[in-house]
Structures are given as structure tokens and as C-alpha cells.
Amino acid sequence: MSHRKFSAPRHGSLAFLPRKRCRHQRGRIRAFPKGKEADSPKLSAFMGYKAGNTHILREVKRPFSKLNNKEAVEAVTIVECPPVVVVGIVGYVETPQGLRALTTVWAQHLSDECRRRFYKNWYRSKKKAFKKHAMRNYPDGKDVSVDDHPIQQKLKKLEKYCAVIRVIAHTQINLVGLRQRKAHVMEIQVVNGTPTQRVAFAYNLLEKKVTVASVFSENETIDVIGVTKGKGMEGVVTRWGVTRLPRKTHRGLRKVACIGAWHPARVSYSVARAGQNGYHHRTEKNKKIYRVGTGVNSAKKEEEKDLGGNASTEADPSTKSITPMGGFPHYGVVNEDFLMLKGSVIGPRKRLITLRHSLIKSTKRVASEEIGLKFIDTS
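## Notes on the environment of I222
Link 1 in the chain: Position of I222 relative to the elements: it lies in strand β9 (residues 221-227).
Link 2 in the chain: A sequence separation of 64 residues divides I222 from N286, and the C-alpha atoms of the two residues are 4.9 Å apart.
Link 3 in the chain: Leave out the neighbours within four places in its chain, and I222 touches F216, E284, K285, N286, K287, I289, L339, L341, L355, R356 and S358.

## Topic: the pattern of salt bridges
Link 1 in the chain: As enumerated under the stated definition, the model contains 11 salt bridges in all.
Link 2 in the chain: In this structure, D223 engages R356 in a salt bridge whose closest nitrogen and oxygen atoms are separated by 2.8 Å. Remark: R356 occurs in strand β14 (residues 352-357) and D223 occurs in strand β9; sequence separation between them is 133 residues. In this pair, the class of D223 matches that of R356, namely buried.
Link 3 in the chain: Counted as one network, the salt bridges with shared partners bring together R58, R62, E74 and E369.

## As for the nonpolar core
Link 1 in the chain: Counting residues in each nonpolar core, the largest one holds 74 residues, and the members touching the most others are F216, L339, M340, L341 and L355.
Link 2 in the chain: At 8 residues, strand β4 (residues 84-95) tops the list of elements feeding residues into this core.
Link 3 in the chain: When neighbours within four sequence positions are excluded, L339 is seen to be in contact with T77, I78, V79, C81, V212, F216, I222, I289, R291, V292 and L355.
Link 4 in the chain: By size, the runner-up hydrophobic cluster in this structure holds 5 residues, among which are V236, V237, W240 and V242.

What counts and how
Residues numbered from 1 in each chain as written. Predicted model: local features only at pLDDT ≥ 70, side-chain atom pairs only at ≥ 80, totals over all residues. Heavy atoms only, no water. Helix = DSSP H or I, 4+ residues; strand = E, 2+ residues; numbered from the N terminus. Contact = heavy atoms within 4.5 Å. Salt bridge = Lys/Arg side-chain N within 4 Å of Asp/Glu carboxyl O. Buried < 20%, exposed > 50% of the residue type's maximum accessible area, 1.4 Å probe, protein only. Core = buried A, V, L, I, M, F, W, Y, C linked by side-chain atoms within 4.5 Å.

Here is the structure:
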């Protein structure tokens with residue numbers, strides 16, 4: 001006569017404790033990839049807005065695999081990435097307690113969408129942020145390239161003392177069809193090269209627009225950082241996946257029957273409890289870039305691509321745009337540059353997504369595979 005097993009693996013992972021609401025909506029980069037001095041400097045991250053999902057048809061090029069030379073249909077996510085604007089440079093020195101900011105160089109002109117980020121209530125304010133800074137550091141008639149200029153003195157300080165150089169960049173949120181007018185601002189680390197080269201690279205980007213194509217390329221794998229969809233307060237069955245109790249259970253069955261022993265006289269952290277589900281900060285590693293698309297607005301400016309042909313492939317008889325008929329549901333039209341990433345991406349539509357060069361490069365054959373798209377669904 002058989003009997004029931006009394007031991008089983010626990011329900012739910014303890015690796016993501018505490019399951020709390022995230023304090024911020026923008027994905028924070030806790031670690032940047034390390035660069036090489038021999039290579040030329042580049043930016044290591046970018047920002048974009050999740051537009052929606054579609055699917056593609058491609059031919060798999062994976063020798064010795066059963067899928068080799070066969071067609072596969074895969075889900076992809078579109079992340080709209082308007083060019084970011086660099087408005088500052090910050091340098092960090094290494095100390096026994098970690099990195100410490102030494103000095104910051106701000107640009108002379110900051111747009112209103114960037115300055116809104118420094119105010120709680122923009123329309124009631126005097127809108128004078130960075131006015132005195134511009135008068136003090138960029139006096140009229142003084143050449144910025146002169147050695148005794150305050151900006152040049154700060155740059156020399158960065159070159160001499162700082163081990164980490166980051167640029168301060170903001171999104172152009174007015175180019176995306178959102179109601180929000182306050183830009184998202186983040187620090188992006190400059191990797192590769194010597195400190196002098198990194199400072200020169202960052203200074204050349206001041207007040208300039210950086211496109212996503214200059215940071216990422218097709219067939220590359222990147223890390224995606226963001227905040228997941230919020231679900232609110234939920235019970236233990238949904239939140240942790242524990243088993244429901246028998247039907248006749250007194251006082252409800254979507255519960256944990258025993259939440260611990262009499263002693264120790266407290267509930268352990270490892271016991272499944274009801275609480276917040278979703279809106280957690282998460283990082284997803286090594287997502288493949290299937291396409292770096294040029295936006296309709298960018299094509300108009302550059303006049304180098306057929307307008308609206310950013311979703312066409314060699315097999316397509318006609319040119320078509322990545323935006324489906326009627327726009328992406330609950331998002332709208334994608335007019336700017338975009339990334340097409342394999343699979344799903346954390347968060348709801350319109351959520352800000354932080355994109356970073358892979359911290360730990362994948363060595364799998366799938367990661368190094370060349371992607372050739374035959375069809376992109378835009379129906």
C-alpha cells in the first residue's frame with residue numbers, strides 16, 4: 001500500500017526577496033561592463049520605451065542542429081528608442097568605501113523636458129534651474145577651449161583623478177506619444193580607452209543626440225533592466241504558487257495551512273505570505289537583438305531610407321512600417337528608431353526600459369547566430 005510523500009521542493013524562489021513595490025520606475029544599472037584600454041571609447045547603455053509585441057519568420061542557421069535551414073516563427077518585442085541627449089559628464093574616484101563622485105560638468109543649454117526632472121511642480125516654479133550655472137561657467141565672449149576656463153579645469157581634474165567616467169543623458173520624451181513631458185535622466189558609463197580618451201569622448205557628446213544604432217548593433221546580446229507589471233495585493237496561491245487546500249477546508253482554501261512551529265514564536269521569512277505581487281525591479285540577461293530599426297522621422301532627416309520601410313525584408317514584395325494597422329494597442333505609432341528584441345520584455349507598454357551591453361557574455365551557439373529575417377508581422 002503506497003503512501004503520500006511528505007517532502008517536496010518549496011514553492012516560489014527566495015532569491016528575489018523582499019517582494020516589495022519598487023521605489024522608482026526606471027531600471028537602475030547596478031554594474032556596468034568592464035572595457036579594454038586598447039579599444040575606442042563607447043557608451044555602455046541606452047533607454048527606450050516598450051511599444052508592444054509581434055512575431056517574425058526566420059530561417060535558422062545553426063549547423064548540426066535539427067532546426068538548421070528550417071523556418072521558425074518567434075515572438076519579438078519592439079522597444080522604441082528615440083535619440084538621447086547628453087547634458088553632463090560626471091567622474092568618480094575609487095575609495096576603500098566604493099566610488100565617490102569628484103566633479104560634474106554640465107552643458108550650457110538644457111532643454112525644458114530635462115529641466116522638468118529637477119522640479120516637483122514645473123508650472124508653479126520660476127523655471128530658473130541651471131541659469132546661474134550657465135552664467136558662471138559659460139560667461140559671454142569667453143572661449144571654452146582656453147586652458148583657464150572653468151570647464152577645462154574640471155575636465156583636467158576628471159582626466160587626472162577619475163577612474164570611472166559617466167555621461168548624464170536624458171530621453172526625448174516629446175518624440176514618443178506619451179502624456180508625460182518630464183524626461184528620464186540616467187548616468188551612462190563610458191567604457192574602453194584611457195581616462196583621457198574617455199573624457200574627450202564624453203566632452204564631444206555634450207549637447208549632442210546619440211542614436212541607439214551608435215550604441216548597439218544587430219545580432220548582439222544585451223541585458224534588459226526594468227520594473228515588472230504591477231499586480232497589487234495578491235494571495236499566497238497566486239504570489240507563491242502554493243497548493244490549494246481541500247475543498248471542505250474551514251475558513252477558506254487558498255491559504256498556507258501551517259505557517260510554522262510554536263517555537264520560535266515568530267513567522268519565518270521563508271514562509272509564503274500574501275502581499276505585493278509585481279512592480280519588482282528585474283534584470284534579464286542576454287536578449288538577442290534581431291533588428292536595429294531606423295524610425296520614420298529619422299529616415300526623413302537622413303533621406304537615406306525609404307520612408308516607412310523599416311519592417312521590410314528581402315522576401316517582402318512591398319515596403320511596410322513596423323507599426324501595425326491602427327498602431328500598437330495601448331501605445332500608438334512608432335516613428336522613432338527602435339530595437340527588435342527576441343522574446344518578451346518586462347513591464348507593460350509605455351514602460352521605460354534600460355538597455356545595457358551584456359555583463360556576462362553568453363557562449364551558447366544561439367547567441368552568436370546570424371539572424372536573417374524573412375517576414376515581420378505588422379497586421
